[in-house]
Each structure stands twice: as C-alpha cells, then as structure tokens.
Amino acid sequence: MATTEPTTTAPEAAATDVALDVRGLQKTYGGQGRSVEAIRELSFSVPRGQLTCIVGPSGAGKTTLLRCIAGLLDVTAGEIVLDGERVTGPPRGMAVVFQEYGRSLFPWMTVQQNVERPLIERRVPKAERRRVVADALAAVGLGDSGEAHPWQLSGGMQQRVAIARAVAYEPTVLIMDEPFAAVDAQTRADLEDLVRDLWHRLGVTVLFVTHDIDESVYLGQRVLVLSNRPTVLLEDVTVDLPDERDQLGTRGTHRFAELRGHVYELIQRAKAGHRPEDDAGPAS
Amino acid sequence: MTATTTDVPAPRRRVPLPSGDGALGVLGLLTVAAVVEVLPRTGLVNPGYLPPTSEILRALGGVLADADFWRLLGLTLRGWAAGLAVAMALGVALGLLIGSFRVLREVTASTIEFLRPIPSVALIPLVVLVFGSRPPSALVLVVYAATWQVLVQVLYGVADVDPVARDTARSYRFSFLSTGWNVVWPTALPYVVTGFRLAAAVALILEVTAELVIGVPGLGQAIGVAQSSGAVPETYALVIAVGLVGVLVNVLARVLERRVLRWHPSVRREAS
Ligand SMILES: Nc1ncnc2c1ncn2[C@@H]1O[C@H](COP(=O)(O)OP(=O)(O)OP(=O)(O)O)[C@@H](O)[C@H]1O
Ligand SMILES: [Mg+2]
C-alpha cells in the first residue's frame, strides 16, 4: 500500500474530517482505436459518516465512479483520497456491494461461507467470526439460510447476502451500487430502513448509487446528481429532512415532495443532455 | 442496465455429448454384432481377417479366463495411471501458474502453439533411443500427450474467472494464495475435470500404442503378439477388451465429475 506523508494530508483531513475526497477525477476507457470518455470531471468530498446518494441517467458512469473509488480501476486524471491516503488499490476497511450481486457471490460456497470469507482474510478469530456472520445474516432476514448455496436463493435473497457480507466486514466506508434493483417494493422498503439503521449503528460512511429518485431522497443526507456521459456533477442537493425517517411519514412530508421533485427535474434535464456549462456560457 | 438476471457464471464450452437412448444404443450394438456374424459366414469377408462375432466372443471368454491377461491388464493400467497422474500434476500446476500471470501467458503462448500439434507418436523413435522397450518409454509418450489436454483445459478455466468475482476478491483484499484457492481453483475445477476425462482417454490410447509399437509389456503388446502369431479371434478379443477398459475409464471419469462438481450449474440441472 502506498503511504503518504502524514504532514501534508493529515491536518487537512483532521480539520474537516473528510472521509473521501474526489479531486478532478477523469476517466476515459481506452481500447484499440475506441475510447469512451465516461467521466469528464468530478470533484466532491464526503464527510466522515455521511450517507451520500448518487443518481444519474443510465450509462452516466456511476459504476465507473464507484470502481475508481474502490481502487478497482485506474483513473485517467485526478485523484481519490480516502482518509488522507491516495487510493491506488482496494483500500483497507472498504466494502463494496456490486451491481451484479449474483456474480459477486461465490457459487461453490454456502451463504455462510460467502459472508465469512472476507473475515477470514482479515484474520478475525473464529468465535467472533461466527457471531458476526450470524448477526449480519439475521439483520438481513436470512438467519436460516446460512447453509444454502447462493444459487438456491431468489435474486432478492442473493442481494441480501451480498449486503450481509459487506455489513459483516464492518467497513468504515460502504459502497453500494444499485443494491435494491432486484427486490420487490416491500423488501426494498425494509432494506432501505436496514441500511439507514446499520449506518446509524456503525457510523459508517455510505456511498449509495440508485436509479430510484424517491430512494435517493429518502435514504440520503445528500444527493449527487450526475449529468449524461461524459459525466460532470449536475448538482449537489442537500437533503434537509429530519434524521429520523420512516417510510410513510417521511415520504408524506411536503419537504420530501419538494426535494423529490427537484431531483426528478434534474434527472429529466440530465437525460435531455443538459449540462452545467449550458447555464454559464451562451447557448450553442 | 440492471443486472437482475445474472446469477451464476454460465458454464461455457461444456456442451454434453448426446449420450443417446440406452435401448437404441443396445440395438445398434446388436446390429453391428449381427453384421459381423453374417459377413464372414457368407464369404463376403475373408474369415481370416474378420472372424464371426460368436468366434470372437468365444476367444474373449478364453482370454478373460487366462491369468496372463489380467497380469498384462494390470501392467497397462499401471502405466496408464502413472502417466495420467504425472500429466494431471504437470498440467494443473503449469496451467495455474501460466494462467495466473499475464507475462507467462504471453511468453508461453507461441511455444505451446508450436509444441501442442506434435503428435505424441512422433516421439517414438526418440524414446526408443533413450529407454528402449521399457515402461519409461510409454510413460514419456503418455505424459506428453495427456499433459496438453489438462494444460489447455486449465488455461481455459483460469481465464474463465468471472470479472465480478475477481473484483469482489480484490476489494475484500483476498491474499494472492487465497484468491487462487477460493476463486480461481473452484472456477477452473470443471475444466480440470474435463481435462482429466480427456487426458484419461488419450493416456490409454498412448499407453496401448507404446505397448503395441515399441513392445512395452501390456495388453497392447499382447495384441501385437496375437496378431503376428495368426491368432485372429484372440486379436479381436483383446481389442474389444481394451475398448471395454476405455469405456470403463470414461464412465469412472464422469462419475467423478458429478461428485466433484455438485455445486456446478451443469450438474445441478441434471440432479434436480
Ligand atoms: N470496461 C469498459 N470499457 C469501455 N467502456 C466502458 C467500460 N465500462 C463502462 N464503459 C462505458 O462507460 C460509460 C459509463 O458506464 P457505467 O457502467 O459506469 O454507467 P452507470 O452509470 O453505472 O450505468 P447504469 O446505471 O446503467 O448501471 C458507459 O457509456 C459504458 O459504455
Ligand atoms: Mg452501473
């Protein structure tokens, strides 16, 4: 792992207590002759313990952004700083729930083994491992499916296994890429509350990508709206709803409707190809 | 694009051969037996070249009752198993090693493409020169031919690791060895088993060839002896016996495949 000199970065990080800093990120996928400019310029920082939602049109580069942050993809330009350290590979203490959750579970392992494996890598003692795994599975409502193999479960259940695995890992940063795409509305509502609950309990910094505008407003303290590809930040929306949220009450408030409408409008504009520079310069 | 339908890695390159209907298969066999019975008797084929089925079967009975047959069978199986074991070890080790490092893959690619098409039998003069008609001759031929089967399969297997599974292992910071053992090996396992099945068949062919051509002791050598002493029905009987060994080997390999790959989609579907 690369170690940065604490003298330059630590005071800054301590002063603002920034968990994650994305600075001038650019990502262009290169191929033979064909290159795709996925992210043009993204800069934002996430305070420790914040729950940030990221929304944007399909193909905007949300997954690309998360993969850069997770150290799975080299950036073209700019840098990503996590806890004062520049990300050059998968950082310690980060858990990722992938969009393709089914393929991220190992079919040759049972559910229990899937959740336990990362803890073995972290050398968590066996007794504690067992307890943490059981707790995580119970938390996602899969307490009795530990012996099953992932392919014996429904899509939504597999998704919950992936979430349990991330939670059991006790990360300081949790990254989720459209984790509820495959579950029914009721389970989805439950899982949303589960994520907020876990977030409260663990004090973890969460980055949550979703297609669902309601979900982004309901879950987040803040919603980052991305433009069409090549991606820039369209707007950084602060969600000033009370911290205590519940499915019916919160969604029924006037403020929720306002925020939701605002994000909705932004997304519509993003889909239509609107970009921030259109506001600044003369229309062309 | 939300990937809701992507569940388990689809087993590619593993289309099962049509195993056919049992009853029809027996019918086919009986037809062949009947034709072989009739042809020499009607004089269409010289019985000196192709004796009728009944005579071959009688000879087969005699062969099976002979203790010497079982001793030779033991020698053939021993040579086969030893060669297969070495080929498995070599093929799996080399395959995992080469498959895990891009540099090695690129360095070895042209060498493999050059060496692989060399028929094992082309090495016969060489091994005779070095080992004469002793078992090591057969061993070299068997190992050479069978290792390719395993190696190529393992290379495919290692390349088949799901990118998302690999990313998962990376982001949870699996160690190199742990990734190998928990992610790469289970992915490659179906290919290893396929490689085993193919290698088992090829190894038997090469073992018998070495015995027949070079005179390494075993069933192949017995076929050669029977043929040169004009015992035509015995020759056919021995050929059939060797064929039966081949069938048995294949059946065992398939049973093994099923046991090892209980979790694998191709097996799951059949089981449920
Ligand atoms: N490996 C790759 N090579 C080349 N181009 C890629 C690659 N991965 C993604 N892209 C391109 O980058 C752009 C952003 O893709 P990305 O997967 O990040 O979008 P997304 O916002 O996650 O979309 P969705 O909401 O549908 O999941 C797309 O235009 C895609 O075609
Ligand atoms: Mg995506």
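Residues numbered from 1 in each chain as written. Chains lettered and ligands numbered in written order. Predicted model: local features only at pLDDT ≥ 70, side-chain atom pairs only at ≥ 80, totals over all residues. Heavy atoms only, no water.

Quick look at the environment of Ile98 of chain B
Residues and elements named next belong to chain B. Position of Ile98 relative to the elements: it lies in helix H3 (residues 67–100). Sequence separation between Ile98 and Thr76 is 22 residues, and the spatial gap between their C-alpha atoms is 32 Å. Apart from the residues within four sequence positions on either side, Ile98 is in contact with Leu104, Arg105, Thr108, Ile112 and Leu155. (Helix = DSSP H or I, 4+ residues; strand = E, 2+ residues; numbered from the N terminus. Contact = heavy atoms within 4.5 Å.)

A look at the confidence of the model for chain A
All names here are of chain A. For chain A, mean pLDDT is 86; residues scoring 70 or higher make up 92% of the total. Per-residue pLDDT, averaged within each element of chain A, yields its smallest value for helix H1 (residues 6–16) (45) and its largest for helix H4 (residues 111–121) (95). Note that pLDDT drops below 50 for residues 1–15; the model gives that stretch 14 contacts with residues more than four away or on any other chain. (pLDDT = per-residue confidence, 0-100.)

Overview of the site of ligand 1
The environment of ligand 1 is made up of 14 residues, and the closest members are Ser58, Gly59, Lys62, Thr63 and Thr64 of chain A. Among the chains of the assembly, those with residues near ligand 1 are chains A and B. Here Tyr29 of chain A contributes a side-chain N or O atom positioned 3.4 Å from a nitrogen atom of ligand 1. Between an oxygen atom of ligand 1 and a side-chain N or O atom of Lys62 of chain A, the distance comes to 2.8 Å. (Near = heavy atom within 4 Å. Polar contact = N/O pair within 3.5 Å; in protein donor to acceptor, adjacent residues only side chain to side chain.)

Let's talk about helix H4 (residues 102–115) of chain B
The end-to-end C-alpha distance of H4 of chain B is 20 Å, a good match for the 20 Å that 14 residues give at a rise of 1.5 Å each. Largest kink in H4 of chain B: about 40°, centred on Thr108 of chain B. (Expected span 1.5 Å × (residues − 1). Bend = angle between axes of the 7 residues up to and from the residue.)

Considering the packing of aromatic side chains
All chains considered together, the criterion is met by 7 aromatic pairs over all chains. Joined through ring pairs, the aromatic side chains of Phe106 and Trp108 of chain A together with Phe174 of chain B make up one cluster. Across the ring face of Tyr29 of chain A, the terminal group of Lys27 of chain A is positioned such that the distance to the ring centre comes to 5.4 Å. A cation sits over an aromatic face here: Arg165 of chain A above Phe106 of chain A, 5.8 Å from the ring centre. (Phe/Tyr/Trp six-rings, centres within 6.5 Å; stacked < 30°, edge-to-face > 60°. Lys NZ or Arg CZ within 6 Å of the ring centre and 35° of its normal.)

Focus: the sheet that holds strand E10 (residues 231–238) of chain A
Residues and elements named next belong to chain A. Sheet architecture is open: 10 strands sit in the order E5-E4-E1-E2-E10-E9-E3-E8-E7-E6, paired in mixed fashion. The open sheet has two edge strands with one neighbour each: strand E5 (85–86) and strand E6 (94–97). By the bridge criterion, 4 bridges tie strand E3 (residues 51–55) to strand E8 (residues 205–209) in an arrangement that is parallel. Along E8, the bridge assignment pairs Ile54 with Val209. Packed on one face of the sheet, helix H2 (residues 62–69) meets strand E1 (18–30), strand E2 (35–47), E3, strand E4 (77–82), E6, strand E7 (173–177), E8 and strand E9 (222–226) and runs near 120° to E1. Across the sheet, helix H10 (residues 254–271) is in contact with E3, E9 and E10; its angle to E10 comes to roughly 170°. (Pairing = 2+ DSSP bridges. Axes fitted to C-alpha atoms, helices over the stretch in contact; angles between N-to-C directions.)

Focus: helix H6 (residues 155–168) of chain A
Residues and elements named next belong to chain A. In this model, H6 (14 residues) spans 20 Å end to end at C-alpha, consistent with the 20 Å of a helix rising 1.5 Å per residue. In terms of burial, H6 is largely enclosed, as 12 of its 14 residues are buried. Positive phi appears at Glu170, one or two residues downstream of H6, with a value of about 50°. (Buried < 20%, exposed > 50% of the residue type's maximum accessible area, 1.4 Å probe, protein only.)

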